[in-house]
Amino acid sequence: MRQFTAVVNPTAGSATGAAALLKVARLLREAGAGLDTEYSRSLAHARELALQAAERGRVVLAVGGDGMAGGIGGALSGTGALFGLVPAGRGNDFARALELPTEPEQLARLLLEGEPRPVDTVEVTSAVHDRTVVLGSLYAGIDALANRHANQARLLRGTASYYAGALRAITTWRPTRYRVTVDGHEHAYTGYTVVAANSGYYGSARHIAPGARLDDGLLDVVMIHDAPRRLFFSLMQELDTGSHVHRPQVRVVQGKEVHIEADRPVPYGADGEVEASLPLTARVLPGALQVLH
């Protein structure tokens, strides 16, 4: 029987994480599985707790949103440890890409009986981070700014906070000149953002990269070029279905390594957390994480 260690961020989504874990934990224990719970003080602390549990041969459960999933999953990348996810955040986009069940009974059954699935992770280097590993996507531009606003929201939750953050970001955004190099091929343009996607979703169910797959060894690089603001608002609506990729202002290419630069300090985010500013380099690590699925 599997032995689990759940790592919970008690501040993410108020008590949502603890509440989500309680329902699943009862079912795991009733089935005879062992379960320990660790509460992290920070994302860095969560990574430490995850690595310590993995060294003891335990299945590590990330309890929270995309930031928690990315932090813990990134720490476990390349270790061979088993990784499970109890979604309890605003976006839960990595869980959505994995098509994880939302009902506690189905999720508990998956954690108990599911087979490990190797999925890709993404190694990121920048001036701020010598090396970090993320799961879902990197985004540099107006979406990173919008996500920063969403993370700072106090009254709004879920998708509403992302829409409000996007509206605020659009009012202050000025076009940026990007230089994006994908497997040695350079793409220069003026626009709103560039997204290097391992997962197809970001920003609370927005289907930014419909062709992205978690296990194909490739990043889908989505470049949104300059457009009138009214057109950009229409494009934002199309992110719900992924139909934006058919617009002439959007270009998508695939590659294993991406280098992103801009003509001014542009913020970038990863897995729901705004990290720093460009430039950065992202490289796929094929099959580096073993996810219960």
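In what follows, the structure referred to is the one given above.
A. Structural detail: the packing of aromatic side chains. In this structure the tally under the stated criterion is 2 aromatic pairs. Taken together, a centroid distance of 5.3 Å and an interplanar angle of 25° make the contact between Y178 and Y189 stacked. Of this pair, Y178 sits in strand β8 (residues 176-182) while Y189 sits in strand β9 (residues 185-197), and the two are 11 residues apart along the sequence. Under the relative-accessibility criterion, Y189 is labelled buried at 3%. One cation-aromatic arrangement involves R96 over Y201; the distance from NZ or CZ to the ring centre is 5.9 Å. A cation over a ring is seen here: R264 above W173, with NZ or CZ 4.7 Å from the ring centre.

B. Seen up close, the environment of M223. Along the chain, M223 falls in strand β10 (residues 219-225). The spatial distance from the C-alpha of M223 to the C-alpha of G191 is 7.9 Å, given a sequence separation of 32 residues. If we skip the residues at most four places from it in the chain, M223 touches V180, H187, Y189, T193, V194, Q249, V250, R251 and V253.

C. Region of interest: the nonpolar core. Core analysis: the largest hydrophobic core is formed by 49 residues, its most contacted members being L138, Y178, V180 and V194. Here the element with the most residues in this core is β9; it accounts for 6 residues.

D. Fine view of unusual backbone geometry. Here the bond from L278 into P279 is cis, since omega is 10°, no more than 30 degrees from zero. The topology assignment puts P279 in the loop between β14 (273-277) and β15 (280-292). A positive phi angle, near 50°, is found at D183, a position not held by glycine. Here D183 is to be found in the loop between β8 and β9. Given the relative accessible area of 39%, D183 is considered partly exposed. With a phi close to 65°, S204 is a non-glycine residue in the positive phi region. With respect to the secondary-structure elements, S204 resides in the loop between β9 and β10. With relative accessibility at 8%, the residue S204 sits in the buried group.

E. Seen up close, helix α5 (residues 104-113). P104, L107, A108, L110 and L111 are the residues of α5 that are buried. Considered in projection along α5, the buried side chains sweep an arc of 160° and stay on one side of the axis. Each element contacted by the buried residues of α5 is listed here: β1 (3-8), α1 (16-30), β3 (59-64), β4 (82-87) and β15.

F. Molecular detail of the packing of helix α2 (residues 43-55) against helix α3 (residues 66-76). At a closest axis distance of 9 Å, the pairing of α2 and α3 adopts a crossing angle of 45°. When the axes of α2 and α3 are compared, the pair comes out oblique. Seen along the crossing, α2 lies across α3 with a hand that is right-handed. Counted together, L43, A46, R47, A50, L51 and A54 of α2 and G67, M68, G71, I72, A75 and L76 of α3 form the full contact between these two elements. Among the residues forming the contact of α2 with α3, the class breakdown is 9 nonpolar, 2 polar and 1 charged.

G. Local environment of the environment of L292. Of note, L292 is situated in strand β15. Residue classification places L292 among the buried residues on the basis of a relative accessible area of 2%. Counting along the chain gives 178 residues from L292 to G114, while the straight-line C-alpha distance between them is 5.5 Å. Look past the residues within four positions of L292 in its chain and what remains in contact with it is R2, F4, V59, L82, F83, L100, L110, L111, G114, E115 and P116.

H. Looking closely at α3. Most of α3 is tucked away: 11 of the 11 residues are buried. Buried residues of α3: D66, G67, M68, A69, G70, G71, I72, G73, G74, A75 and L76, and no others. In the segment just after α3, G78 is the residue with positive phi, at about 85°.

Quick notes on the rules
Residues numbered from 1 in each chain as written. Predicted model: local features only at pLDDT ≥ 70, side-chain atom pairs only at ≥ 80, totals over all residues. Heavy atoms only, no water. Phe/Tyr/Trp six-rings, centres within 6.5 Å; stacked < 30°, edge-to-face > 60°. Helix = DSSP H or I, 4+ residues; strand = E, 2+ residues; numbered from the N terminus. Buried < 20%, exposed > 50% of the residue type's maximum accessible area, 1.4 Å probe, protein only. Lys NZ or Arg CZ within 6 Å of the ring centre and 35° of its normal. Contact = heavy atoms within 4.5 Å. Core = buried A, V, L, I, M, F, W, Y, C linked by side-chain atoms within 4.5 Å. Arc of directions from axis to C-beta. Axes fitted to C-alpha atoms, helices over the stretch in contact; angles between N-to-C directions. Parallel < 35°, antiparallel > 145°, perpendicular 65-115°, else oblique. Left-handed = near helix turned anticlockwise from the far one by under 90°. Nonpolar A, V, L, I, M, F, W, Y, C, P; charged D, E, K, R; others polar.

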